[in-house]
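The primary structure of each chain is shown beneath.
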Number of protein chains: 2
Amino acid sequence: MTTQAESSSERLSVGGHRVTAPRRAILDAIARAGGPFTIEELTSRVPAVGRATVFRTVKLLQESEVLCRVILEDGSVRYQLSRGGHHHHLICSECGTVTDFSDPELDRLIHENAGSAGFQLDAHSLELYGRCASCA
Amino acid sequence: MTTQAESSSERLSVGGHRVTAPRRAILDAIARAGGPFTIEELTSRVPAVGRATVFRTVKLLQESEVLCRVILEDGSVRYQLSRGGHHHHLICSECGTVTDFSDPELDRLIHENAGSAGFQLDAHSLELYGRCASCA
DNA sequence: CTAGATGCAAACGGTTTGCAACTAT
DNA sequence: ATAGTTGCAAACCGTTTGCATCTAG
């Protein structure tokens, strides 16, 4: 069916994890969602699977770099398929959609700022909040 | 004593809030901390004050723009005296210190990126994680 | 005097964990 | 066969809330 779900389950088995029915169901639901989601939403899309398993699987998928976690302004948590590579987020406060973007010049400036503060940079996150093109 | 605590309590009374003993104790503790802190730490520094009051006061101080909230990579929450004005954070993963910086050019690029994605920007947060000058 | 603030303990919401039963490999 | 996985319910942890009491203004 969904190529995404298949490649994700491959990444699981390569990582030495079992590909079980609950996990497949969760991966399908994520692929179908097609965007950012909360654990709450994911759980309701896979009623046959226990809450704990959803949590455990999402954590596993993060570790396998299939999913990435996005923290909203209010501290609430969402997940979405990770696009891989370094990028930033445009987060729509109306529909919740998270769009990725990247800008080498932006990253250069970020490193420059860190450097001039004597700061040894490990990671950084840049989240833009507002309204996306279709909601504005 | 601390000028900071005094000016903060002024901001409270100007906002129509009472300056009570617990609130003064909390403001003192924050001023003494001199850096970012968790609710947990703050509570233990003011043993005479109830947990709920610490939470309520910290929320009040955020609304009064005395404190700002910083969310770390792992989703945990810290607070620190707000420097006012727009700025970003350098967060040391070793000692937890949060240093502010700002860069107009950086902000310009951020708005540019939002604009070219058709995104109507309300706010943004940029957090740099790594090790500060003294820890590196 | 009285609206606002406090402390306590109970409630809460999201996440995790212990455990016995199950299953992919 | 057996280590990994699951579901359930209970535990957890940070935060909020209801309520009776107290106090700054």
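Residues numbered from 1 in each chain as written. Chains lettered and ligands numbered in written order. Predicted model: local features only at pLDDT ≥ 70, side-chain atom pairs only at ≥ 80, totals over all residues. Heavy atoms only, no water.

A. Examining the protein's contact with DNA strand C more closely. Residues in contact with DNA strand C amount to 18 residues; listed here are only the nearest, R18 of chain A together with R18, T20, T53 and R56 of chain B. Residue A48 of chain B places a main-chain N or O atom 3.4 Å away from a phosphate oxygen belonging to DNA strand C. Of all the elements in the fold, those that place two or more residues in the surface near DNA strand C are α4 (51-63) of chain A together with α2 (21-33) and α4 (51-63) of chain B. At 4 residues, the largest contribution of residues to the surface near DNA strand C is made by α4 of chain A. For the surface near DNA strand C, the residue count by class is 8 nonpolar, 4 polar and 6 charged. (Near = heavy atom within 4 Å. Polar contact = N/O pair within 3.5 Å; in protein donor to acceptor, adjacent residues only side chain to side chain. Helix = DSSP H or I, 4+ residues; strand = E, 2+ residues; numbered from the N terminus. Nonpolar A, V, L, I, M, F, W, Y, C, P; charged D, E, K, R; others polar.)

B. Main features of the confidence of the model for chain A. With 96% of its residues at a pLDDT of at least 70, chain A reaches an overall mean of 89. Looking across chain A, the model is least confident in helix α1 (residues 3-14) of chain A, with a mean pLDDT of 77, and most confident in α4 of chain A, with 97. (pLDDT = per-residue confidence, 0-100.)

C. Up close: the side chain of D100 of chain A. Residue and element names in this part refer to chain A. Along the chain, D100 falls in strand β4 (residues 98-101). Relative accessible area serves as the criterion here: at 18%, D100 is assigned to the buried category. In terms of polar contacts, D100 uses its side chain to reach the side chain of Q80, at 3.4 Å. If we ignore the near neighbours within four places in the chain, the residues touching D100 are Q80, R83, H87, H88 and H89. (Buried < 20%, exposed > 50% of the residue type's maximum accessible area, 1.4 Å probe, protein only. Contact = heavy atoms within 4.5 Å.)

D. Structural view of the domain arrangement of chain A. Residue and element names in this part refer to chain A. With domains assigned, chain A is organised as domain 1 (1-84) and domain 2 (86-136). Using only C-alpha atoms to locate each centre, domain 1 and domain 2 end up separated by 23 Å. The partner domain 2 presents 10 residues to the 9 residues of domain 1 that form the contact. Of the roughly 800 Å² buried where domain 1 meets domain 2, counting both sides, 57% is carbon and sulfur surface. There are 0 salt bridges connecting domain 1 and domain 2. Run the count over domain 1 and domain 2 and you get 2 residue pairs in polar contact (both at pLDDT 80 or more). The set of elements that each furnish at least two residues to the side of domain 1 that touches domain 2 consists of β1 (67-71) and β2 (77-81). When grouped by side-chain class, the residues that make up the side of domain 1 that touches domain 2 number 4 nonpolar, 2 polar and 3 charged. (Domains from an automatic or database assignment. Buried area = accessible area lost by both parts, 1.4 Å probe. Salt bridge = Lys/Arg side-chain N within 4 Å of Asp/Glu carboxyl O.)

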